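Commentary on secondary and tertiary structure
One-letter residues, chain by chain:
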Amino acid sequence: MQPAPTALIAEDEPLLRESLERQLTEAWPELTVVARARNGREAIDQFDRMHPSVCFLDVHMPGVTGIEAARHIGHRAHLVFVTAFDQYAVQAFAQGVLDYLVKPVDAARLAQTVARLQERLRDATAAVNTDALLLKLAAALERREAPAPLRWIRASVGQTVTLIPVEQIDFLRAEEKYTVVAWRDDSSEQREAVIRTPLKELAAQLDAAQFAQVHRSVVVNLSSIARVVRRPNETADSHLKGRGEVLPVSRSFLHLFRQM
Amino acid sequence: MFAGILFGPWIAVGALVRQRDTFARDQATAFALERSELERKALDARFRLLQAQVEPHFLFNTLANVQALVDAGAPQASKVLTSLIAYLRAAVPRLHETTTTLRQELELVRAYLEVMHMRMPDRLVFSMHSDPGMLELQCPPMTLLTLVENAVRHGIDPSETGGSIDIDLKLASGRCLASVTDTGVGLRATGTGLGTGLAALRERLQLAFGSEAQLRVSEIVPHGVRAELSFPARKTPA
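Residues numbered from 1 in each chain as written. Chains lettered and ligands numbered in written order. Predicted model: local features only at pLDDT ≥ 70, side-chain atom pairs only at ≥ 80, totals over all residues. Heavy atoms only, no water.

1. Considering the sheet that holds strand β8 (residues 169-175) of chain A
Residue and element names in this part refer to chain A. The line we're drawing: DSSP bridges decide pairing: two strands pair if at least two such bridges lie between them. Secondary structure counts use DSSP, requiring at least four H or I residues in a row for a helix and at least two E residues in a row for a strand, with both numbered from the N terminus. Note on geometry: axes are C-alpha line fits, over the in-contact stretch for helices, and angles between N-to-C directions span 0 to 180 degrees.
Reading across the sheet, the five strands line up as β10-β9-β8-β12-β11 and stay open at both edges, with antiparallel pairing between neighbours. One side of each edge strand has no neighbouring strand; the edge strands of this open sheet are β10 (190-195) and β11 (211-215). On average, adjacent strands in this sheet sit at an angle of 20 degrees to one another, irrespective of strand direction. Bridge analysis of β8 against strand β12 (residues 218-221) gives three bridges, and the strand direction is antiparallel. Counterpart to Leu-172 in the pairing with β12 is Val-219.

2. Here's the deal with the packing of aromatic side chains
Residues and elements named next belong to chain B. Rules: Working definition: rings of Phe, Tyr and Trp (its six-membered ring) pair if their centres are within 6.5 Å, and the pair is stacked with planes under 30 degrees apart, edge-to-face with planes over 60 apart, and tilted otherwise. Burial classification: accessible surface area is computed with a 1.4 Å probe over protein chains only, and a residue below 20% of its type maximum counts as buried, one above 50% as exposed, and the rest as partly exposed.
One pass over the full model with this rule turns up four aromatic pairs over all chains. Where Phe-209 meets Phe-231, the ring centres are 5.2 Å apart and the plane angle is 25 degrees; that geometry is what we call stacked. Note that Phe-209 is positioned in helix α7 (residues 195-209) and Phe-231 in strand β7 (residues 225-232), a separation of 22 residues in sequence. Of the two residues, Phe-209 and Phe-231, neither departs from the other in class, the shared state being buried.

3. Some words on the environment of A:Ala138
Within the fold, A:Ala138 resides in helix α6 (residues 131-145). Given the relative accessible area of 25%, A:Ala138 is considered partly exposed.

4. Description of the interface of chain A and chain B
Threshold: Here, residues are in contact when the closest pair of their heavy atoms is within 4.5 Å. Put simply, buried area is how much 1.4 Å-probe accessible surface two parts lose in total, over both of them, once they are put together. Any carboxyl oxygen of Asp or Glu within 4 Å of a side-chain nitrogen of Lys or Arg constitutes a salt bridge here. For this analysis, a polar contact is any N or O atom pair within 3.5 Å, provided that within protein one partner can donate a hydrogen and the other can accept it, and provided that sequence-adjacent residues contribute only side-chain to side-chain pairs.
Between chain A and chain B, the contact holds 27 residues from the first and 30 residues from the second. Summed over both partners, the interface of chain A with chain B buries about 2,500 Å², with 54% contributed by carbon and sulfur atoms. Looking only at chain A, the three residues that lose the most surface to chain B are A:Glu13, A:Leu15 and A:Arg196, adding up to 22% of its buried area. Applying the counting criterion to the chain A and chain B interface returns four salt bridges. Measuring nitrogen to oxygen at the nearest pair gives 3.9 Å for the salt bridge that ties B:Asp122 to A:Arg38. Counting the contacts that link chain A with chain B gives seven residue pairs in polar contact (both at pLDDT 80 or more). Only α1 (14-27) and β6 (152-157) of chain A provide two or more residues apiece to the side of chain A that touches chain B. Considering every element that reaches the side of chain A that touches chain B, the biggest residue donor is α1(A), with five residues.

Dropping the structure here:
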């Protein structure tokens with residue numbers, strides 16, 4: 001005979017906490033909610049005190065998040081994450097074997113989750129929440145918060161604003177207060193535009209896998225480089241595909257082009 | 001020697017003229033850049049306001065709360081829905097309106113705060129105060145709302161204990177002085193900065209008032225943020 005199942009609900013919004021408890025009472029009458037938490041820190045405290053068999057954890061909570069609480073709980077309970085709309089989190093859950101519910105919680109979906117949990121408790125299956133999965137999930141959530149790399153540079157000439165896709169940029173060169181953008185338009189014509197954003201600020205927003213700063217005043221698109229020729233004094237020149245310009249590579253950036 | 005005396009000054013003058021030409025050209029480029037930059041900014045700011053969307057995370061969490069109230073047969077369900085609708089109506093971009101009144105803006109702020117208060121009743125308290133005679137003054141759309149949303153998102157929401165948000169509008173020597181003060185976690189705690197919302201707001205203010213509007217964000221003790229906004233008090237054209 002299995003012990004009666006117990007649950008913890010961690011959710012910072014009281015109405016949602018009560019509502020999930022009510023829904024659970026209907027979907028799973030044998031389950032007793034033994035602990036309720038308003039944030040991740042309380043969830044950890046309550047878990048350590050009550051040792052519930054199932055934990056429902058809201059992903060976004062003030063202070064300690066649901067993911068961090070989950071990492072503390074580890075294999076000691078079956079976890080179900082609860083999240084509002086969260087494209088990336090839901091993707092991460094769907095790829096893993098972690099169970100999740102989307103708010104507002106749908107009764108049919110909750111019934112499925114309950115059936116799965118009952119099965120796992122009956123078979124005494126170990127909880128699947130591995131630390132690796134949780135780390136991945138935490139990373140996915142952080143990525144959502146970090147800004148995406150720049151996709152276009154807006155340059156204006158007179159009344160016209162040109163949107164230059166960053167893939168079409170060959171290089172960026174700082175000139176006094178301005179930045180020169182050397183790019184190719186759709187017919188592969190070489191073009192130049194002058195913009196006001198300083199090179200340093202632009203460089204920080206570019207995809208680091210695609211663009212490299214090779215000199216104090218030059219950032220180059222790595223796929224535009226044809227070859228790099230070494231020069232005395234540990235500097236080098238980079239020659240571009242189909243362009244006449246030769247860009248300097250200074251000593252501190254030379255390591256980018258060491259032979260493989 | 002003689003030739004030097006004869007030509008030297010002319011060479012120098014020539015160099016000066018050339019230098020002035022270069023200078024003038026640089027200036028012209030700088031002015032052209034300045035102008036096109038302003039035009040671009042105006043376009044950008046309009047574009048971004050149009051793009052301003054209701055955050056799905058906010059929307060679904062709020063709807064989940066409304067559903068919880070409806071399921072429980074709670075009488076405040078209808079009132080909360082009214083606030084949510086008021087907020088959504090304002091937050092969905094209005095194409096033709098470039099200015100609203102402080103009255104409209106305050107109604108929007110109240111609707112938003114009432115929704116948030118339903119969601120975090122134990123973590124958010126708020127107050128609103130305005131000097132008499134201010135309600136019909138001009139206010140660029142979503143100005144106060146941006147500041148209040150920031151206060152919730154970066155101040156109150158990340159805090160376990162929450163805090164208060166106070167909105168204060170004063171009229172002084174022909175200017176509107178608006179302040180939004182929260183007692184949340186403060187600027188350093190989140191480390192995310194106040195981000196794009198404030199940058200976009202600064203642009204909109206620049207468009208509406210040029211250099212006559214000022215926005216200042218500062219930290220308060222023991223913890224929290226105060227945003228102070230000052231702009232010319234103008235009646236909306238009837």
